[in-house]
Amino acid sequence: MTYIRVAEATAASDVNTDMLQGDLDAVRPYPRKLSGFALTGSAAAGDSAVAVFIGDTRVAANIPNARAGGVVQIRTDVLGINKIVPPNTALRVLIVTPGNTNVLFAHLFLSP
């Protein structure tokens, strides 16, 4: 399983900022399965949210941050998505509600 953890560039990113923009793992030349996703960070749990896209298709909307800080708890924080990412198709994590003071962390769980 591949684990991708990205942090937003600043603690006050704008709405619709893509957290995976410029990340080398956002697009791959082979198919992958997005099995899970979690959002952590910001000042308090639930004060920010993102949407996850495969290409232009939204696969998860308004996912709130599970907790403050950058650590994810696998058993409680990870949302199961189980969607195929076609070859050469971008994964995108767009900020819906920005964090107030601290940086957000997106955690993506992919295979192969």
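Residues numbered from 1 in each chain as written. Predicted model: local features only at pLDDT ≥ 70, side-chain atom pairs only at ≥ 80, totals over all residues. Heavy atoms only, no water.

(A) Geometry of the overall build of the protein chain. A count of helices and strands for the protein chain gives 1 helix and 7 strands. Going from N to C terminus, the protein chain has its helices and strands arranged as β-β-β-β-α-β-β-β. The C-alpha atoms of the protein chain give a radius of gyration of 13 Å, which matches the 13 Å a tight globule of 112 residues would have. Each principal axis of the C-alpha atoms in the protein chain carries an extent, and together these give about 35 × 30 × 20 Å. Per-residue burial for the protein chain yields a buried fraction of 43% across its 112 residues. (Helix = DSSP H or I, 4+ residues; strand = E, 2+ residues; numbered from the N terminus. Rg over C-alpha atoms; globule rule 2.2 N^0.38 Å. Buried < 20%, exposed > 50% of the residue type's maximum accessible area, 1.4 Å probe, protein only.)

(B) Examining the sheet that holds strand β6 (residues 91–97) more closely. Pairing is antiparallel in the open sheet, where 3 strands are placed in the order β4-β3-β6. The sheet is open, and its two borders are formed by β4 (57–64) and β6, each paired with just one other strand. Going across the sheet, the axis of each strand differs from the next one's by a mean of 20°, ignoring polarity. (Pairing = 2+ DSSP bridges. Axes fitted to C-alpha atoms, helices over the stretch in contact; angles between N-to-C directions.)

(C) Geometry of the packing of aromatic side chains. Enumeration over the complete set of coordinates arrives at 1 aromatic pair. A centroid spacing of 5.1 Å and a plane angle of 40° characterise the contact between Tyr3 and Phe109, whose relative ring orientation is tilted. Of the two residues, Tyr3 sits in strand β1 (residues 2–7) while Phe109 sits in strand β7 (residues 104–111), which places them 106 residues apart along the sequence. Here Tyr3 falls in the partly exposed class, since its relative accessible area comes to 40%. Note that Arg92 overlies the ring of Phe53, its terminal NZ or CZ placed 4.8 Å from the centroid. (Phe/Tyr/Trp six-rings, centres within 6.5 Å; stacked < 30°, edge-to-face > 60°. Lys NZ or Arg CZ within 6 Å of the ring centre and 35° of its normal.)

(D) Local environment of the side chain of Arg32. Within the secondary structure, Arg32 sits in strand β2 (residues 32–41). Look at Arg32: it is buried, it has no salt bridge, and the nearest opposite charge is Asp25 at 5.4 Å. Within the structure, Arg32 has its side chain in polar contact with the backbone oxygen of Asp25 (distance 2.8 Å). At a separation of 3.2 Å, a polar atom in the side chain of Arg32 contacts the main-chain carbonyl oxygen of Ala26. (Lys, Arg positive; Asp, Glu negative; His and termini not counted. Salt bridge = Lys/Arg side-chain N within 4 Å of Asp/Glu carboxyl O. Polar contact = N/O pair within 3.5 Å; in protein donor to acceptor, adjacent residues only side chain to side chain.)

(E) Structural view of the nonpolar core. Membership of the largest hydrophobic core comes to 22 residues, with the highest contact counts inside it found for Phe37 and Leu108. Taken together, the elements giving at least two residues each to this core come down to β1, β2, β3 (49–54), β4, β5 (79–85), β6 and β7. Here the element with the most residues in this core is β7; it accounts for 4 residues. Discounting chain neighbours no more than four positions away, the residues touching Phe37 are Val50, Val52, Ile63, Asp77, Val78, Leu79, Ile81, Val93, Ala106, His107, Leu108 and Phe109. (Core = buried A, V, L, I, M, F, W, Y, C linked by side-chain atoms within 4.5 Å. Contact = heavy atoms within 4.5 Å.)

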